[in-house]
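# Secondary and tertiary structure notes
This is what each chain is made of:
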Amino acid sequence: MEKIIDESQQGSTLALEKDEKNGRKLYIESYGCQMNFSDSEIVASILAKEGFNTTQELQEADLVLVNTCSIREKAEVTVRKRLEKFNAVKKTNPGMKVGVLGCMAERLKSKFLEEEKIVDMVVGPDAYKDLPNLIQEIDEGRNAVNVILSKDETYGDVAPVRLNSNGVSAFVSITRGCDNMCTFCVVPFTRGRERSRDPQSILEEVNDLWKKGFKEVTLLGQNVDSYLWYGGGLKKDFEKATDMQKATSVNFAKLLELVAQAQPKMRIRFSTSNPQDMTLDVIESMAKYDNICKYIHLPVQSGSNRILKAMNRLHTREEYFELIDNIRRIIPDCAISQDMITGFPTETEEDHQDTLSLMEYVKYDFGFMFAYSERPGTLAERKMDDDIPEETKKRRLREVIELQQKHGLYRTQQHLGKIEEVLIEGPSKKSDAHWMGRNSQNTVVVFPKETYTIGDFVNVKINECTSATLIGEAVGLSENN
Ligand code: SAM
């Protein structure tokens, strides 16, 4: 059993408000991380200006786009199955064109067109502004490909259309790419070098979201703590910046404060943090502002120093504990979640026990846990044997998930009897009579609807819990409304 982020959203299609002027139909499906879902909103925004309305009916689409993920082999297998389906539909709708976007497009490049001949268009994550030209190419009967990675593309000037949105919470991307070179990870190859987005355009997007009624934003990046704006350019070139650029640069702690101050009634979240880049000033900024949610997603991947080193994670288990201690000291009620990989090459039972004991120390609120999947082109694939048998990877994964469930329950129990502010996101999946929302710690809270409505900040008394959900009753609107 592998837990995948946003499982319920995987493969969901986007539905945009119809523009009567637009005559063509776009069907767009997204897989993988939140960044991909956010990118699909950018793509839909670009294509709305090119005469496309979205459709959720595959059969009637003029253009089918699939925004893909390469992080594990399973993600790619899922997309391949979808491409087969699209090709079957093409037989009854020959005018339909199919394009692959995102990480798989970047990884496989023109292979899709030359060897596999299953798509008409291949577009990497930095090339979406070229879509109008690429679509013209395919309209004229040629295949089209653009997988050039950029040094400065952040799509800061494209206002994403918010699709399938609850109108309450939205994602705002702040960095693109990743420079960390973890040996298991394909992201630096598919999303390119790390670059940060102009804080001014981030603030404008946040302010605009507030005006449209949104109550919560999540600042998104592969490694948000590494955010650094000094007038544009790659993070790795910061050393070459002028003194003036350095003096006026904005780091992640500063950006968080700017966003929190700009919209004091809006909830601010962020994801993902990397322990090696998370500094105390970020935790201090979080503590300073009530509207910055008390939740940190802090992937560790393994509890063994030897494996951390082999993964090129640039911190030790002890340094990670120090960071956790600092978070708990500065923000005692902060929730912390993990990503974990079991069965990385050479992982012994002792390494695995180190992972379990690290989890015992932290007692994470949530976790996203995966069996190691070798990815072509990564350092681990080139230098190491994928030598842990599948059954061992899976057994260790089961043990990690079981322990996480135990810790999840321990953490949710700590909320019992408390009154917590919840932002209502929508109806509960299990009951029409209940609302579902989250507290500051990102734990799902369910409670009877009464007269409250979506987007309200409600104080909820927590009466019961499972390992992942809190159940309670509203005691009134919070001051934040
Ligand atoms: N940038 C974040 C970091 O470095 O911590 C997360 C990036 S990734 C999109 C999300 C998670 O997928 C990772 O934290 C890791 O646990 C998992 N992952 C990445 N590559 C993997 C692989 N080759 N096999 C299994 N899981 C993998």
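Below is a short write-up of the structure. (Residues numbered from 1 in each chain as written. Predicted model: local features only at pLDDT ≥ 70, side-chain atom pairs only at ≥ 80, totals over all residues. Heavy atoms only, no water.)

### Observations concerning the pairing of strand β17 (residues 366-371)
With six of its six residues buried, β17 lies for the most part within the structure. Here β17 shows no split at all, with Phe366, Phe368 and Phe370 on one side and Gly367, Met369 and Ala371 on the other all buried. Here strand β16 (residues 335-342) pairs with β17 via six bridges, running parallel. Note on β17: the bridge partner recorded for Asp339 is Phe368. Each parallel crossover has a hand, and for β16 linked through helix α13 (residues 349-362) to β17 it is right-handed. (Buried < 20%, exposed > 50% of the residue type's maximum accessible area, 1.4 Å probe, protein only. Helix = DSSP H or I, 4+ residues; strand = E, 2+ residues; numbered from the N terminus. Pairing = 2+ DSSP bridges. Right-handed = clockwise from strand over helix to strand, strands pointing away.)

### Re unusual backbone geometry
A negative phi angle is the norm for most residues apart from glycine, just as the trans form is the norm for most peptide bonds. A cis amide bond, omega 10°, links Ser271 with the succeeding residue Thr272. With respect to the helices and strands, the residue Thr272 is situated in the loop between β14 (267-271) and α10 (280-288). In this structure, Tyr155 is a non-glycine residue whose phi angle is positive, near 55°. Even without being a glycine, Met181 presents a positive backbone phi close to 55°. The topology assignment puts Met181 in the loop between β9 (175-176) and α6 (187-191).

### Structural notes on the site of the ligand
Near the ligand you find 16 residues, and of these Phe184, Gln222, Gln301, Asp339 and Ser373 are the closest. For the ligand, a nitrogen atom lies 3.0 Å from a polar atom in the backbone of Phe184. Taking Asp339, its side chain carries an N or O atom lying 2.6 Å from an oxygen atom of the ligand. For the ligand, whose unbound accessible area comes to 570 Å², protein coverage reaches 94%. Elements that contribute at least two residues to the shell around the ligand include exactly β16 and β17. Looking at the shell around the ligand, its residues break down into seven nonpolar, five polar and four charged. (Near = heavy atom within 4 Å. Polar contact = N/O pair within 3.5 Å; in protein donor to acceptor, adjacent residues only side chain to side chain. Areas by Shrake-Rupley, 256 points an atom, 1.4 Å probe, with all protein chains shown as cover. Nonpolar A, V, L, I, M, F, W, Y, C, P; charged D, E, K, R; others polar.)

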